[in-house]
Every structure is written in structure tokens, then in C-alpha cells.
Amino acid sequence: MPLSAPLSTLEPARSALLLDMDGTLLDIAPTPDLVWVAPGLTDALCRLRDAMGGALAVVTGRPIEQVDGLLAGIPYAVAGEHGGAIRHAPGAEVVRVSLPTPPVEWVLEAARIADAHPGVLLEQKQRGFVLHYRAVPELGPALREAALALIAPQADRFQLMEALMAWEVRPRGADKGSAVNTLMTEAPFAGRQPIFIGDDVTDEDGMRAARALGGAGLRVDEWFGGPADVRAWLAQAAVTSAADPGAWPPTPVQPTAAATVLPPK
Ligand SMILES: [Mg+2]
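This one's a predicted model, so the numbers in the text were calculated from it and none came from an experiment.

## What about the nonpolar core?
Argument step 1. Judged by nonpolar contacts, the single largest core of 51 residues is most densely connected at Leu17, Leu18, Leu48, Ala57, Val180, Leu183 and Ile195.
Argument step 2. Ranked by size, the runner-up nonpolar core spans 13 residues in total, among them Ala110, Val130, Leu131 and Ala147.

This is the structure in C-alpha cells:
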């Protein structure tokens, strides 16, 4: 199957772009607050959003306020906190999925662990927390065990998710797949074919949901290479959508490593 096959039937007027942020649009930074927005990204996203009738969303683990801070006014819709919070349109109210909040003792214990291990960073979220270990990769397995032990008494309500050099404790009941399905029920997304692009384990739910809706789920490392390649593709897609909708979307440049072709869906 040619690399472009999942994209070959798509066109701007019938597609929606659902994009993860960190590791997809933005380069991964040593800590989440150190990311930067590459020049040209906002322009490409704005042009694509307009070409697609607004059907462009960011689907991320970050809170919606952080997306607003980094990409102010750009995505038409935003799903934050792994689908736990969704804003369907600019200026619309944020709809929160009813999810449990982790006990405060868990967060205190996570803070104690981070304090005791220089290089480990605790990131608190609305309904969960993340232990980052990018600076001390050798601590990854031990942090996983500690986090699993913490949530074990409530494993039916909370889960441990693997992120890039981080472990995230978050409630069950929402993920990027449910976010895609929810976003795709409302205008301007409804009836379009979603193209979901993401880079890590938590994005696979979004990719599956997009494929199940007749669209495409593309993993950054398999289809593009890295975030800079995604940005280059978006910039090209923005130009192509205006000049020649029939040639849209462009074929991603295949990464040098052998790509695994995703199963057709
Ligand atoms: Mg990501």
C-alpha cells in the first residue's frame, strides 16, 4: 500500500484535521513549559483552518488554557486533558466530562517523590498529575512502580498512562478517542473524514477513532519523522489546499527509517 493511501480519498472540503500538540506540532522540550511555537506554524494552521471550513482541532493532554496560550485563536475546537475538557468552537463554553479527581494524598506523595529525586518533575493537572523523568531516564521503571502502587486501590477509576519520558495518572472515562468522537458530532466537523496526527501511546485512541470514522490516523514517527516534518507537511498542505484542492493532502515525506504501514480502515 502506498504511503499516501489513507489520505488519497481526502480533500479539504470533506476533511477535518485533529492534531496532537507536543511531539506533533511542537518539538518536545525538556519541560512542558519550555516548548516554543516554530515560525510559520500558526500561519499554516490558520490557512488550513480556513480552507477546511474551520474543521481544525487540537487534541492534547494539556489543559485548554495552555493551548490558548500557545496557539491563541488558531484551532477552531480544542480537546484538552485527554478528552476530559472540550470546547467545540471559539468562545464556546468548555464542556467537562464528569471524571473523578485523584485523592490529594496521591498528589502529595508524588510531590514527595519528585522532591526526593532531583530531575523528576511533577506536573499537576485538573484531574491528574504527571511525573516527568526526561532528565533522569534511569528512574523511569522505579517511578512507574511507585505510581502503580499509588493508584492500585482505585485501579478501576484511575489509570497510569505512558507518555514521552513521563508517567501520567489520570481518570478512566475519557481519552483522545472519545474526544475525536465527540468533536466529530458537531459542525463544522460532523460529516467530514478526520485526519488525526499524534506521536505517542495516548494518541493511538484518537487514531483508532479517526480510522473508524472513515478517516486516517497517522503516527508522527511512522508517517513524517518528527514534528518539523509535520510542520513542513502542514505548510505544504496549506498551500496545496488553496492552489489545487484535487492534489490535497500532499503525500508525507517518508521518514528514513522503514515505515510500518498502518492497516487500512
Ligand atoms: Mg504528543
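## Structural notes on the sheet that holds strand E10 (residues 193-198)
Argument step 1. Strand order in the open sheet formed by seven strands is E5-E4-E3-E2-E1-E10-E11, with mixed pairing between adjacent strands. Whereas interior strands pair on both sides, the edge strands pair on one side only; in this sheet they are strand E5 (95-96) and strand E11 (216-219).
Argument step 2. In this structure, strand E1 (residues 15-19) lies alongside E10, joined through five bridges in parallel fashion. From the neighbouring strand, alanine 16 faces E10, where its bridge partner is proline 194.

## Let's talk about the pairing of strand E6 (residues 121-125)
Argument step 1. The pairing of E6 with strand E7 (residues 128-132) spans five bridges and is classified as antiparallel. Bridging from a neighbouring strand, glutamate 123 pairs with valine 130 of E7.
Argument step 2. Hairpin geometry of E6 and E7 is characterised by an intervening segment of two residues between the two adjacent antiparallel strands.

## Some thoughts on the sheet that holds E6
Argument step 1. Reading across from one edge, E6-E7-E9-E8 is the order of the four strands in this open sheet, with antiparallel pairing throughout. Edge strands, defined here as strands with exactly one partner in the open sheet, are E6 and strand E8 (158-163). Each strand axis lies, on average, 20° off the axis of its neighbour in the sheet, ignoring direction.
Argument step 2. In this structure, E7 lies alongside strand E9 (residues 166-171), joined through four bridges in antiparallel fashion. Bridging from a neighbouring strand, valine 130 pairs with glutamate 168 of E9.

## So, the packing of helix H5 (residues 176-183) against helix H6 (residues 204-212)
Argument step 1. For the pair H5 and H6, the least separation of the axes is 6 Å and the interaxial angle reads 40°. For the crossing formed where H5 meets H6, the hand is right-handed. Where H5 approaches H6, its residues Lys176, Gly177, Ala179, Val180 and Asn181 are matched on the opposing element by Asp205, Gly206, Arg208, Ala209 and Ala210.
Argument step 2. For the contact of H5 with H6, the residue count by class is four nonpolar, three polar and three charged.

## With respect to the environment of leucine 17
Argument step 1. Here leucine 17 is to be found in strand E1.
Argument step 2. When the 27 C-beta atoms within 10 Å are taken as the criterion, leucine 17 is described as buried.
Argument step 3. The spacing of leucine 17 and arginine 192 is 175 residues in sequence and 9.6 Å in space, taken between C-alpha atoms.
Argument step 4. With residues up to four places along the chain from it excluded, the contact list for leucine 17 reads Leu48, Met52, Ala55, Leu56 and Ile195.

## Let's talk about the confidence of the model for the chain
Argument step 1. With 88% of its residues at a pLDDT of 70 or more, the chain has an overall mean of 89.
Argument step 2. With pLDDT under 50 throughout, residues 257-265 is counted as low confidence; its partners more than four residues away or in other chains account for eleven contacts.

## Topic: the environment of leucine 26
Argument step 1. Looking at the secondary structure, you find leucine 26 in the loop between E1 and helix H1 (41-51).
Argument step 2. Among the residues examined, leucine 26 registers 21 C-beta atoms within 10 Å and is labelled buried.
Argument step 3. Along the backbone, leucine 26 and proline 227 are 201 residues apart, and their C-alpha atoms lie at a distance of 6.0 Å.
Argument step 4. Leucine 26 has contacts with Met21, Val35, Val37 and Pro227, leaving out every residue within four places of it along the chain.

## Describing unusual backbone geometry
If a residue is not glycine, its phi is most likely negative; likewise, a peptide bond is most likely trans.
Argument step 1. For the bond running from alanine 187 to proline 188, omega is 0°, close enough to zero to count as cis.
Argument step 2. On the secondary structure map, proline 188 appears in the loop between H5 and E10.
Argument step 3. Unusually for a residue other than glycine, glutamate 81 sits at a positive phi of about 50°.
Argument step 4. By the secondary structure assignment, glutamate 81 is in the loop between strand E3 (77-80) and strand E4 (85-87).
Argument step 5. Located in the positive-phi region is methionine 165, a residue other than glycine, with phi close to 55°.
Argument step 6. With respect to the element layout, methionine 165 can be found in the loop between E8 and E9.

What counts and what doesn't
- Residues numbered from 1 in each chain as written.
- Predicted model: local features only at pLDDT ≥ 70, side-chain atom pairs only at ≥ 80, totals over all residues.
- Core = buried A, V, L, I, M, F, W, Y, C linked by C-beta atoms within 7 Å.
- Buried ≥ 20, exposed ≤ 12 C-beta atoms within 10 Å, placed from the backbone.
- Pairing = 2+ DSSP bridges.
- Helix = DSSP H or I, 4+ residues; strand = E, 2+ residues; numbered from the N terminus.
- Axes fitted to C-alpha atoms, helices over the stretch in contact; angles between N-to-C directions.
- Left-handed = near helix turned anticlockwise from the far one by under 90°.
- Contact = placed C-beta atoms within 7 Å.
- Nonpolar A, V, L, I, M, F, W, Y, C, P; charged D, E, K, R; others polar.
- pLDDT = per-residue confidence, 0-100.

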